[in-house]
Amino acid sequence: NEQKPTIFTIFGGTGDLAARKLIPALYNLFLDGYMPKEFTIVGLGRTEYNDESYKEVLLDGLNKYSRSGVADPAKWGEFSSNIIYLQSDASKEKTYKDLEQIIADRDEQWAEAATVIHYLSVAPQFFPVISEYISKIKMAGGKEKCRIVIEKPFGRDLETAKELNELLQSLFDESQIYRIDHYLGKETVQNMMAFRFANALFEPIWNRNFIEHVQISVTEDIGIEDRGGYYDGSGALRDMLQNHILQVLCLVAMEPPVSFNADEVRNRRVDVLKAIRRFGPEEVKHNAVRGQYAGGWVGGKEVNGYREEKGVDPNSNTETFCAFKFFIDNWRWQNVPFYVRTGKRMHQKSSVISIQFKDVPHPIFPSHASENWQQNRLIISIQPEMSIRLQVQAKRPGLDMILNPVDMVFDYDGTYPKESPEAYETLLLDAMEGDQTLFMRGDQVEAAWELLMPVIDNWEGRKSLNFPNYPADSWGPEIAEALIAKDGFHWFTMP
Ligand code: NAD
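Residues numbered from 1 in each chain as written. Predicted model: local features only at pLDDT ≥ 70, side-chain atom pairs only at ≥ 80, totals over all residues. Heavy atoms only, no water.

Attention shifts here to the side chain of R266. One can find R266 in helix α10 (residues 262–275). Owing to a relative accessible area of 1%, R266 belongs among the buried residues under this scheme. Polar side-chain contacts of R266 include one of 3.3 Å to the side chain of Q436. In this structure, R266 is in contact with Q436, T437, F439, M440, R441 and Q444, ignoring residues within four places of it in sequence. (Helix = DSSP H or I, 4+ residues; strand = E, 2+ residues; numbered from the N terminus. Buried < 20%, exposed > 50% of the residue type's maximum accessible area, 1.4 Å probe, protein only. Polar contact = N/O pair within 3.5 Å; in protein donor to acceptor, adjacent residues only side chain to side chain. Contact = heavy atoms within 4.5 Å.)

Turning next to the pairing of strand β8 (residues 288–291). On a regular strand, one side chain projects to one face of the sheet and the next to the other, so that they alternate. The alternating pattern of β8 places A288 and R290 on one face and V289 and G291 on the opposite face, and all of these are buried. Direction of pairing for β8 relative to strand β11 (residues 321–326): antiparallel, over a ladder of four bridges. Counted as the bridge partner of V289 is A323 from β11. (Pairing = 2+ DSSP bridges.)

The environment of the ligand is made up of 18 residues, and the closest members are T14, D16, R20, A90 and V122. Here D16 contributes a side-chain N or O atom positioned 2.7 Å from a nitrogen atom of the ligand. One nitrogen or oxygen atom from the main chain of A90 is found 2.8 Å from a nitrogen atom belonging to the ligand. Look at the ligand: alone it shows 830 Å² of surface, and the protein chains cover 75% of it. Considering every element that reaches the shell around the ligand, the biggest residue donor is helix α1 (residues 16–31), with three residues. Taken together, the residues of the shell around the ligand break down into five nonpolar, seven polar and six charged. (Near = heavy atom within 4 Å. Areas by Shrake-Rupley, 256 points an atom, 1.4 Å probe, with all protein chains shown as cover. Nonpolar A, V, L, I, M, F, W, Y, C, P; charged D, E, K, R; others polar.)

This part covers the packing of helix α4 (residues 93–110) against helix α5 (residues 127–136). Close contact between α4 and α5 brings their axes to 10 Å; oriented N to C, the two are set at 40°. Judged by the inter-axis angle, α4 sits oblique to α5. Both α4 and α5 take part in a crossing whose hand is right-handed. Taken together, the residues of α5 that come into contact with α4 (itself represented by E93, Y96 and E100) are I130, Y133, I134 and K136. (Axes fitted to C-alpha atoms, helices over the stretch in contact; angles between N-to-C directions. Parallel < 35°, antiparallel > 145°, perpendicular 65-115°, else oblique. Left-handed = near helix turned anticlockwise from the far one by under 90°.)

Within strand β12 (residues 338–343), six of the six residues are buried, which leaves it mostly tucked inside the rest of the structure. Looking at chain direction, strand β7 (residues 211–219) and β12 are connected through six bridges and run parallel. Residue pairing in the sheet places T219 in a bridge with G343 of β12. Pairing of β11 with β12 involves six bridges; the strand directions are antiparallel. Counterpart to F321 in the pairing with β12 is G343.

On to the sheet that holds β12, then. The eight strands lie next to each other as β8-β11-β12-β7-β13-β14-β15-β16, forming an open sheet whose pairing is mixed. Looking at the sheet topology across the chains shown, the edges are occupied by β8 and β16 (403–411). On average, adjacent strands in this sheet sit at an angle of 15° to one another, irrespective of strand direction. Two strands pair when backbone bridges link them, and β7 and strand β13 (residues 350–357) are joined in this way by eight bridges, in the antiparallel orientation. Each bridged residue has a counterpart across the sheet, and for H213 the counterpart in β13 is Q356. In this fold helix α9 (residues 236–253) packs onto β7, β11, β12, β13 and β14 (377–383), with an angle of close to 145° to the strand it touches most, β12. Against the sheet, helix α15 (residues 478–485) contacts β7, β8, β11 and β12, and its axis sits at roughly 10° relative to β11.

As structure tokens, then:
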């Protein structure tokens, strides 16, 4: 293909994310013919490896985590001949001198200045020092040839996000900065755009006149595993809601962009965040709830409560669950509640959007015909099932007129025999091609933090909590059910 020669530097090249997601994504892109003819991957880390032992570690990871594994050793050999390891300390100038030399060598060898993508797969305290040094590396091709990818978390509140934005924007153009929210790379999430704006059918009814309420639910069945040290300083609001869930909400609620241009799309996403009704103390009390899991039994195995997990303060008030009711104050969504929830150690692993339409204006069927009555619903399942279901009422076959809800289903597995790419494949390819549509712009991240700051401040000011308040393998605390039940609805769960 015609892609430019590319150099990937992965800071944190020996870390979990590199082994589980980044290298498998690049390898799959290679197998599918999306990597440029000339590329180099530079893994950086403190561990002592040489190129060969580093590649062995990556190969192990690929076989464990990649959707395809390494079926063809020759292909791996070809791919991995482009990988080098640089044992290095991210806070030492020498690291960057070495990198500069590698880049200069490649540029000479390829007789063309490569696009250089620096991937910061390290803890956030390293973001500033790495980006400062990177901005000083001499790039033969100038600014547009150098990109920097920032992993989450992007700040831990509005102030720290602003600080990081200010720093990055003083060193780079916004067009060089790729803030990852890997949810935006998921097939079903991207499909929201296609579904809404490539069909004449849905957009006319996508508003307050037809939609009664919207739910976005991201539940995990696992606990915090071995991430206690990180998670206890973060919690569900910061780890899932501020980024992934709000981004999905933006795609559901955004106005149609004028074109599929990155900034047009991102402008419309920011508009949604700005229109969400702010939380005063009353709204925090009534429209935001939090929870923390207790121990219990999951699949015949006893599991720890959150406060007993390794790395967690035994009196921790960190939330492992949160649920919100939002309103979006614009014409399209006036008075349509958006309920969102996320939690760990829940009954089911599932990310799903449910859009419930208003009821028919007048019932004509007798009550015995309508016992299973269900208002029309559009269910977009992001994971583990990837599908879109439209729930409609239909007559059950038989001599009586009995109504029954049925699903019209588009499921990915049935429709497309080839597996969908992983989110990181999509996003890394976009970064190579310079497409920022699925990345978060600086103002977007800040708008999301700004919205949530009153809740964060309020929650952090109220410490004597009745935690834990939900058992493992449940659907979360009772107050979360109450949040939605008081409006006459229930949380939707996949069958
Ligand atoms: P990790 O702890 O497994 O790896 C950290 C990496 O940083 C290692 O390669 C280590 O060698 C390197 N490192 C640490 N100190 C260094 C120093 N002084 N100089 C050079 N290198 C140094 O972490 P991870 O799970 O790979 O996560 C990396 C980043 O990605 C974090 O920001 C994390 O929040 C984010 N992230 C991870 C995941 C995931 O699934 N693991 C998912 C989303 C986001």
